[in-house]
Amino acid sequence: MRVTPLDHPEILLVEPDVFQDPRGFFMETWHAEKYTQHGLPAIFLQDNQSRSTRGVLRGLHYQLQHPQGKLVRVVSGEVFDVAVDIRRGSPWFGKWVGAVLSEENQQQLYVPPGFAHGFCTLSEQADFLYKCTDVYTAGDEYGIAWDDPDIGIEWPQLDYLLSDKDLDNPRLSESNKLPDYEAP
């Protein structure tokens, strides 16, 4: 297994060991001892799965009172996955990191609490798995505009389909409900 920080030192790209033969493949998608040795949390409380069609954009989402760290991966299809540091006082405030996750590259991305997260589907359909460090709490869900020019995410050029809620998310500079940065 290889774990590499991306352009933000807290966003980790995980490349699990994949064992392939003529029958198919085998890989560990989570092993507490191995993953924690690389700086990922030991405990996850909720697993989620979503299915999206080409051009669906989900995000950018976060929770404030029950922030979720997320270990995400794609089991079928391909997505462009994004994390944005939205912690007030962070030296990386407003900076984004993106990675293509697919059933072919079998990579995972760890997005810590305090980051807004989203993705868009590049393939005809994608099944996306989230392993979360806290549970979803209704009423504690917030969002940032996916197309905020101050953040400047370089999304792939697609015709996007967003939920009404995601279409109404404020820009980062307009949001008054953001987490605070706590230096390690």
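A few points on the structure.

Scoring rules and cut-offs
- Residues numbered from 1 in each chain as written.
- Predicted model: local features only at pLDDT ≥ 70, side-chain atom pairs only at ≥ 80, totals over all residues.
- Heavy atoms only, no water.
- Disulfide = S-S within 2.5 Å.
- Buried < 20%, exposed > 50% of the residue type's maximum accessible area, 1.4 Å probe, protein only.
- 1 Å grid on protein atoms, 1.4 Å probe; cavity = no way out; pocket = protein on both sides within 12 Å on 5 of 7 lines; lining within 4 Å.
- Points joined across faces, edges and corners; volume = space filled by probe spheres on them.
- Helix = DSSP H or I, 4+ residues; strand = E, 2+ residues; numbered from the N terminus.
- Nonpolar A, V, L, I, M, F, W, Y, C, P; charged D, E, K, R; others polar.
- Phe/Tyr/Trp six-rings, centres within 6.5 Å; stacked < 30°, edge-to-face > 60°.

1. Here we look at the state of the cysteines
In step 1: Counted under the stated rule, the structure contains zero disulfides.
In step 2: For the unlinked cysteine C120, the closest cysteine sulfur is that of C132, found at 19 Å.
In step 3: For C120, a relative accessible area of 0% gives the class buried.
In step 4: Here C132 falls in the buried class, since its relative accessible area comes to 0%.

2. Let's talk about empty space enclosed by the protein
In step 1: With the rule as written, the count across this model stands at one cavity of 30 Å³ or more.
In step 2: Y62, Q63, P67, Q68, K70, V111, P112, P113, G114, F115 and H117 are the residues that line the largest cavity.
In step 3: For the lining of the largest cavity, the secondary-structure elements that each account for two or more residues are β6 (57–63) and β11 (115–121).
In step 4: Considered class by class, the residues forming the lining of the largest cavity number six nonpolar, four polar and one charged.

3. Points about the packing of aromatic side chains
In step 1: Considering all chains together, one arrives at 11 aromatic pairs under this definition.
In step 2: Ring pairing ties together the aromatic residues F80, W96, W146, W155 and Y160, which thus form one cluster.

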